[in-house]
Amino acid sequence: MTDTSTTHRPGLGPRLRHRLQDDRGSATAEYAVVILAAVAFAGVLVAVMRSGEVQGILTELVRGALSL
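Quick caveat, the model's predicted, so the values are computed rather than measured.

**A few points about the overall build of the protein chain**
So, point 1. Looking only at helices and strands, the protein chain features three helices and zero strands.
So, point 2. Working note: accessible area of the protein chain is about 6100 Å², and carbon and sulfur atoms make up 66% of it.

What follows is the structure, given as structure tokens:
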């Protein structure tokens, strides 16, 4: 992905202009953000699952399923 707004700025040097146009590694950064969000969601899910009320509900659900 190339940002055309940075290509015609007269004050930018050629190295900086090239760096701003280069999108290598952007997919890796996007994957990292998705992984961090998944880890954060997993942490919240673990905290919810450890609560006594949720454990009781799940225990009753499993007992009901096994008693069929």
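Back to the write-up after that little detour.
**Focus on a nonpolar patch on the surface**
So, point 1. Residues F41, L45, M49, L58 and L61 make up a contiguous nonpolar surface patch of roughly 490 Å² in combined accessible area.
So, point 2. Elements with a contribution of two residues or more to the nonpolar patch: α2 (26-49) and α3 (52-66).
So, point 3. Among the elements that take part in the nonpolar patch, α2 stands out by supplying three residues, more than any other.
So, point 4. Summarising the element assignment, L61 is placed in helix α3.
So, point 5. Note on L61: relative accessible area 58%, which makes it exposed.

**With respect to the pattern of salt bridges**
So, point 1. What the rule picks out here adds up to one salt bridge.
So, point 2. The partner of R63 in a salt bridge is E60, and the shortest N-O contact between them spans 3.5 Å. In this pair, R63 and E60 both sit in helix α3, three residues apart, roughly one turn of the helix. E60 shares its class with R63; the two are exposed.

Scoring rules and cut-offs
Residues numbered from 1 in each chain as written. Predicted model: local features only at pLDDT ≥ 70, side-chain atom pairs only at ≥ 80, totals over all residues. Heavy atoms only, no water. Helix = DSSP H or I, 4+ residues; strand = E, 2+ residues; numbered from the N terminus. Areas by Shrake-Rupley, 256 points an atom, 1.4 Å probe, with all protein chains shown as cover. Patch = residues over 30% accessible without salt bridge, like charges linked within 9 Å, V, L, I, M, F, W, Y side chains within 5 Å. Salt bridge = Lys/Arg side-chain N within 4 Å of Asp/Glu carboxyl O. Buried < 20%, exposed > 50% of the residue type's maximum accessible area, 1.4 Å probe, protein only.

Just geometry here; none of it tells us what the structure is for.
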